[in-house]
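Below, each chain spelled out in residue letters.
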Number of protein chains: 2
Amino acid sequence: MPTFFGFRHHPHAAMVRARTAEPGAARAARLDRWCLDLLSRFLEGVPVELRLWNGATAVVSRPTVASVFIHDRRTLFGLAARPEMSFGEAYRDGRLEVEGDLVALLAAVDRKIDWRRQRPATWLNRLRLGGDRSTAQRNVHHHYDLGNEFYKLWLDEQLLYTCAYFPAPDASLDDAQRAKMDYVCRKAAIRPGDVVFEAGCGWGALALHAARHYGARVCAWNLSSEQVAYARERARAEGLADRVDFVLDDYRHIEGRCDVFLSIGMLEHVGPRHYHELGEVMDRCLDEHHGRGVLHFIGRNKAAPFSAWIRRRVFPGAYAPTLREALEGALEPFAFAVLDVENLRLHYAKTLAHWLERYEASMDTIGQMFDDRFVRTWRLYLAGSQASFATGCLELFQVTFARGACNEVPWTRAHLYA
Amino acid sequence: MPTFFGFRHHPHAAMVRARTAEPGAARAARLDRWCLDLLSRFLEGVPVELRLWNGATAVVSRPTVASVFIHDRRTLFGLAARPEMSFGEAYRDGRLEVEGDLVALLAAVDRKIDWRRQRPATWLNRLRLGGDRSTAQRNVHHHYDLGNEFYKLWLDEQLLYTCAYFPAPDASLDDAQRAKMDYVCRKAAIRPGDVVFEAGCGWGALALHAARHYGARVCAWNLSSEQVAYARERARAEGLADRVDFVLDDYRHIEGRCDVFLSIGMLEHVGPRHYHELGEVMDRCLDEHHGRGVLHFIGRNKAAPFSAWIRRRVFPGAYAPTLREALEGALEPFAFAVLDVENLRLHYAKTLAHWLERYEASMDTIGQMFDDRFVRTWRLYLAGSQASFATGCLELFQVTFARGACNEVPWTRAHLYA
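Residues numbered from 1 in each chain as written. Chains lettered and ligands numbered in written order. Predicted model: local features only at pLDDT ≥ 70, side-chain atom pairs only at ≥ 80, totals over all residues.

### Comments concerning the overall build of chain A
Move 1: Scanning chain A from terminus to terminus reveals 17 helices and 11 strands.
Move 2: For 418 residues, the compact-globule estimate of 2.2 N^0.38 gives 22 Å, and the C-alpha radius of gyration of chain A, at 24 Å, lies within 12% of that figure.
Move 3: When the backbone C-alpha atoms are referred to their principal axes, chain A occupies close to 80 × 45 × 45 Å.
Move 4: Taking all 418 residues of chain A together, the buried fraction comes to 50%.
Move 5: A sequence separation of at least 24 residues applies to 73% of the contacts in chain A between residues at least 6 apart. (Helix = DSSP H or I, 4+ residues; strand = E, 2+ residues; numbered from the N terminus. Rg over C-alpha atoms; globule rule 2.2 N^0.38 Å. Buried ≥ 20, exposed ≤ 12 C-beta atoms within 10 Å, placed from the backbone. Contact = placed C-beta atoms within 7 Å.)

See below:
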């Protein structure tokens, strides 16, 4: 299949020939070539050039968007055997380099997936998702307690680490995050005096926004000590400490009565076995008559686990459910009425493009804060996430729900766009 | 509990006393009273007065919205033993009469249901839902082949027999049905030249609307011979026969390629065991890249069968799924992306209020076309449906979906409200 891959001699080919004079080297070179062939077939149609340490190259499809340089045989064999995990690990270690457009390369690979044939997570895998309070805290600590200074470098000014809402594609990230907060508050129909509970509140921007602009009294829960400390300080500084409480605790311990329950970007860390516990909390707390809420989470069209590499290096215990899985666990058992679902995946692709751009622009500072492995891990995570949302490998669902008999709901959705 | 029911002597009490002189009559009267007591407790809180043939009455809760007159002992016993089915059958037969606000009465009963404790349909019950082509055809014939003249009396001018969309609550039914057709076409982003398939097309209004106003070429399927004959005639009369095809066949036989797949108010008749077949049809027919569609169906917040009476007398084999059930069967297995879900149940309550009002206004004509049982059956069905949508016992879900990788989707939903 010469259209999809073609070996050619590299300027360093003489060196390769010299090496093959060693005993067994000819066999090794044949094996290298076989692996490169295998990898090229695996990547069929992906516009990439593969280059080996020994000068051998394969162009999988032209015109290429990127060139992947594989540093050693161990990395090549790893890629051939277990491509996804090996790619992440080798990129992180610097045993593999990508020149060109990393996002476009990853998107091209994502587009090859036939989701109809995708398998769900195994039961063993599912057991490891979310977890009890101590596991959840460890997982949260792993990702969110990296130092607020780090996140300030590439998030928006209010530190929202969830999908923004861009009223127009060219809106700024700061504007889009503000628009997202308004969108959520309006979808949840927050009115002055409403008691709002928020499960998983990040650095507190939405809780403060709901109090300041919608007159809500807010109580917000979070397991990240660094985030809660930051949020409390911000509430004090902005004179909202009497109307917004930040609690360092697990969502399962939420008690009290509320009119509105929000959870923006937390379900990903809850784990499907625990959706029912979240549903119980909402059922316990929400006003029996007019209680309503918004769940905003990364999802899938078809049930599948996150990549093993993302779970190992970026989000331990995380899982993006299908809409069906989320409803099955957290809403239907409690007869909550789904009022509105919106899929905002292209807004997340754009959010991630902003984050990645700012991440790269802050490279000097980040390089002083963390080692190269960290820098590359986070680059691959941000680029890979952008690619996944751009290609429909990941979705972003915003689900508005209410008590089943609640008729105090807007007549149409037109007010959201007025 | 004297606040909830209180016996008092009726003007005809003397007659009752006369009857109790017969042997065993005193025992029978005690039993009647016990049943009335049981029924009152069952209806606790419902603002209704119950009146028996023998003059005994019980006011369950004041102020009452309706008075139920129970004609005989058999009916009373039936109500005490199996309230839902017996109420429907007795109302149909005229063994039970309701004076006052029938919709308000039924809504008050609906509001008593604790949906969290509701049980799903049994597997045996589920086996009877939807069914193969011949069963489906028999079920469709039962409801939709009653004569187009009947439906013309109380539907809108274009004969849409599904939930309308009222941009404002005081819109006319004709305007609201036109708005619904536009809403669906805009949600599905129909463009000139698009091939649109419609599964379950009623009297053809939407298919003709999509062709006339959106430039689509439409092929629409339906199992009701009367509806198809009417739709074909309308296409000819309006000069759209070259752009709209009406096919008298089952949705499972749909073949060909389309850009857009619509199904408005058919899923209720498909049955959960067959959702996967509908999904297969959509997966087979929809364009691999930009295929998209709208499923519009009556649903539930929690899985439960339709009432046994509705299944016996109005919609044999019908089932209103939860959103989760619909996704599980028809969309997730094929990795379709859910773009948008909207719950329009209050619009259906209003649609039904219009239908019921027009139904009552046409009573003279309908009474000449059908017998009293038919007239009462349809009144109870329309009133009961209005009550169910008004109280959240039934939902109306409009689900917009697309191929998972399709990025040709509107950036926001603002255009739907411009």
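There's more to say after this.
### Description of the confidence of the model for chain A
All names here are of chain A.
Move 1: Confidence in the prediction of chain A, expressed as mean pLDDT, is 92, and 94% of residues score 70 or more.
Move 2: In this model, residues 1-16 is a region of pLDDT below 50 whose contacts with residues beyond four sequence positions or in other chains number 24 contacts.
Move 3: The complex prediction reports pTM at 0.92, with the ipTM value standing at 0.92. (pLDDT = per-residue confidence, 0-100.)

### So, the relation of the copies chain A and chain B
Move 1: Structural alignment of chain A on chain B gives an RMSD of 0.0 Å, achieved by rotating through 180° and translating 0.0 Å along the axis. The two molecules are tied by a two-fold rotation axis, judged by turn and shift.
Move 2: When you check the interface residues of chain A against chain B, 100% turn up at the interface there too, and the contact is symmetric in its surfaces. (Least-squares fit on C-alpha atoms with pLDDT ≥ 70 in both.)

### Topic: the domain arrangement of chain A
All names here are of chain A.
Move 1: Taken domain by domain, chain A comprises domain 1 (3-113) and domain 2 (125-417).
Move 2: One C-alpha centre belongs to domain 1, the other to domain 2, and the line joining them spans 38 Å.
Move 3: Facing 15 residues of domain 1, the contacting portion of domain 2 comprises 17 residues.
Move 4: Counting residues per element, the side of domain 1 that touches domain 2 draws most heavily on helix α4 (residues 83-93), which supplies 7 residues. (Domains from an automatic or database assignment.)

### Quick notes on the environment of T322 of chain B
Move 1: Locating T322 of chain B in the fold gives a position in the loop between α14 (308-313) and α15 (323-331).
Move 2: In this view, T322 of chain B contacts E332 of chain A together with G299, R300, N301, K302 and A303 of chain B; residues no more than four positions away in its chain are not counted.

### Digging into the interface of chain A and chain B
Move 1: In this complex, chain A contributes 35 residues to the contact, which on the side of chain B involves 35 residues.
Move 2: Secondary structure elements with two or more residues in the side of chain A that touches chain B: α14 (323-331) and β10 (337-343) of chain A.
Move 3: With 7 residues, β10 of chain A is the single largest residue contributor to the side of chain A that touches chain B.
Move 4: Across the side of chain A that touches chain B, the residue classes break down as 17 nonpolar, 8 polar and 10 charged.
Move 5: With 3 bridges joining them, β10 of chain A and strand β10 (residues 337-343) of chain B adopt antiparallel strand pairing. Of the residues in β10 of chain B, the one forming a bridge with D340 of chain A is E342 of chain B. (Nonpolar A, V, L, I, M, F, W, Y, C, P; charged D, E, K, R; others polar. Pairing = 2+ DSSP bridges.)

### Details of the packing of α4 of chain A against helix α17 (residues 372-391) of chain A
Residues and elements named next belong to chain A.
Move 1: Following both chains from N to C, one finds α4 and α17 inclined at 140°, their axes separated by 7 Å at the closest point. By the angle class used here, α4 and α17 are oblique. Facing G88, Y91, R92 and D93 of α4, the residues of α17 in contact are R373, R376, T377 and L380.
Move 2: Considered class by class, the residues forming the contact of α4 with α17 number 2 nonpolar, 2 polar and 4 charged. (Axes fitted to C-alpha atoms, helices over the stretch in contact; angles between N-to-C directions. Parallel < 35°, antiparallel > 145°, perpendicular 65-115°, else oblique.)

### Side note on the sheet that holds strand β1 (residues 48-52) of chain B
All names here are of chain B.
Move 1: What the 4 strands build is an open sheet, ordered β2-β1-β3-β4; its pairing is mixed. This sheet does not close on itself; its edge strands, each paired only once, are β2 (57-59) and β4 (96-100). Each strand axis lies, on average, 15° off the axis of its neighbour in the sheet, ignoring direction.
Move 2: Across 5 bridges, strand β3 (residues 66-70) lies against β4 in antiparallel orientation.

### Here's the deal with the pairing of strand β6 (residues 217-222) of chain B
Residues in a regular strand project their side chains so that they alternate between the two faces of the sheet.
Residue and element names in this part refer to chain B.
Move 1: The buried fraction of β6 is high, at 5 of 6 residues.
Move 2: Of the pairings in the sheet, the one linking strand β5 (residues 195-199) to β6 comprises 5 bridges and is parallel in character. When the bridges of β6 are listed, E198 appears paired with A220.
Move 3: For the handedness criterion, the β-α-β arrangement of β5, helix α10 (residues 205-214) and β6 is classed as right-handed.
Move 4: Each parallel crossover has a hand, and the one from β6 via helix α11 (residues 225-237) to strand β7 (residues 244-248) is right-handed. (Right-handed = clockwise from strand over helix to strand, strands pointing away.)

### Some thoughts on the environment of V46 of chain B
Residue and element names in this part refer to chain B.
Move 1: Within the secondary structure, V46 sits in the loop between α2 (25-42) and β1.
Move 2: C-beta crowding within 10 Å serves as the criterion here: with 24 such atoms nearby, V46 is assigned to the buried category.
Move 3: Note: C-alpha distance between V46 and A108 (62 residues apart in sequence) is 5.6 Å.
Move 4: Excluding anything up to four places from it in sequence, V46 contacts V60, S61, A108, V109 and K112.

### Examining the nonpolar core
Move 1: In terms of nonpolar packing, the biggest core is built from 254 residues, with A210 and V338 of chain A together with A210 and V338 of chain B touching the most fellow members.
Move 2: With residues up to four places along the chain from it excluded, the contact list for A210 of chain A reads C185, I190, V196, A216 and V218 of chain A. (Core = buried A, V, L, I, M, F, W, Y, C linked by C-beta atoms within 7 Å.)

### Thoughts on helix α3 (residues 73-81) of chain A
All names here are of chain A.
Move 1: The set of residues buried in α3 consists of T75, L76, G78 and L79. Each buried residue of α3 sits inside an arc of 165° when the element is viewed along its axis, so together they form one side. Along α3, the residues that are exposed and aim more than 90 degrees away from the buried face are R74 and A81.
Move 2: The secondary structure elements touched by the buried residues of α3 are α2 (25-42), β1 (48-52), β3 (66-70), α4 and β4 (96-100). (Arc of directions from axis to C-beta.)

### Describing helix α15 (residues 345-361) of chain A
Residue pairs spaced three or four apart in an α-helix point in one direction, given the helix's 3.6 residues per turn.
Residue and element names in this part refer to chain A.
Move 1: Its 17 residues give α15 an end-to-end C-alpha distance of 24 Å, which sits within 8% of 24 Å, the value for a rise of 1.5 Å per residue.
Move 2: The buried fraction of α15 amounts to 12 of the 17 residues, a majority that puts the element mostly inside the structure.
Move 3: Taken together, the buried positions of α15 are R345, L346, H347, Y348, A349, K350, T351, L352, H354, W355, L356 and Y359.
Move 4: Considering only its buried residues, α15 is in contact with α8 (148-154), α9 (173-187), β10, α17 and β11 (395-402). (Expected span 1.5 Å × (residues − 1).)

### Some details on the pairing of strand β9 (residues 292-299) of chain A
Residue and element names in this part refer to chain A.
Move 1: Taking burial as the measure, the 8 residues of β9 include 8 buried ones, the bulk of the element.
Move 2: Every second residue of β9 is oriented toward a common face, with R292, V294, H296 and I298 on one face and G293, L295, F297 and G299 on the other, all of them buried.
Move 3: Sheet topology note: the strand β8 (residues 260-264)/β9 ladder contains 5 bridges and is parallel. Among the inter-strand pairings, V260 is bridged to a residue of β9, identified as R292.
Move 4: Read from β8 through helix α12 (residues 275-285) to β9, the crossover connection turns out right-handed.
Move 5: Looking at chain direction, β9 and β11 are connected through 8 bridges and run antiparallel. Bridging across to β11, H296 finds its partner in Q398.

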